[in-house]
Amino acid sequence: MIKPFNRLNLDCSCLGNHEIEIGIDHGAKMIKETNFPWVLSNLLDLAQNSKPLCDTLPFKILEA
């Protein structure tokens, strides 16, 4: 699904259970292959200084 999502020119996406159901490491690898930012603010990785899971952003401001 990475190629189709990359072609959609998304502004951002929110990390959900389907991105990490195979495993957090697999989800992080898939996210790095996308061309848009990911947002997640309610799951923190304590091993990574409490950054959001999978190196996602805690928020994204979009101007319309």
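A quick note: this is a predicted structure, and the numbers were derived from the prediction, not measured.

**Student:** Before we move on, can you summarise the side chain of N6 with the specific residues and values?
**Tutor:** Tracing the chain through its elements places N6 in helix α1 (residues 2-7). Here E33 takes part through its backbone oxygen, which lies 3.1 Å from a polar atom of the side chain of N6. Apart from residues lying up to four places away in sequence, N6 is in contact with E33, T34, N35 and F36.

**Student:** Account for the pattern of salt bridges, naming residues and giving values.
**Tutor:** Taken as a whole and assessed by the stated rule, the structure comprises one salt bridge. For K29, the salt bridge goes to E33, with nearest N and O atoms at 3.9 Å. Judged by its relative accessible area of 51%, K29 falls in the exposed class.

**Student:** Residue-level account of the environment of G27, with values.
**Tutor:** Turning to its location among the elements, G27 is positioned in helix α3 (residues 24-32). Placed eleven residues apart in sequence, G27 and G16 show a C-alpha to C-alpha distance of 9.8 Å. Not counting residues within four places of it along the chain, the set of residues in contact with G27 comprises E19, I20 and C54.

**Student:** Explain unusual backbone geometry to me, and be specific about the residues and the numbers.
**Tutor:** Positive phi is not limited to glycine here, since C54 has a value of about 60°. Position of C54 relative to the elements: it lies in the segment after β4 (51-52). The backbone phi angle of D55 is positive, close to 55°, even though this residue is not glycine. Mapped onto the elements of the fold, D55 is located in the segment after β4. Among the residues examined, D55 registers a relative accessible area of 54% and is labelled exposed.

Cut-offs used in this document
Residues numbered from 1 in each chain as written. Predicted model: local features only at pLDDT ≥ 70, side-chain atom pairs only at ≥ 80, totals over all residues. Heavy atoms only, no water. Helix = DSSP H or I, 4+ residues; strand = E, 2+ residues; numbered from the N terminus. Polar contact = N/O pair within 3.5 Å; in protein donor to acceptor, adjacent residues only side chain to side chain. Contact = heavy atoms within 4.5 Å. Salt bridge = Lys/Arg side-chain N within 4 Å of Asp/Glu carboxyl O. Buried < 20%, exposed > 50% of the residue type's maximum accessible area, 1.4 Å probe, protein only.

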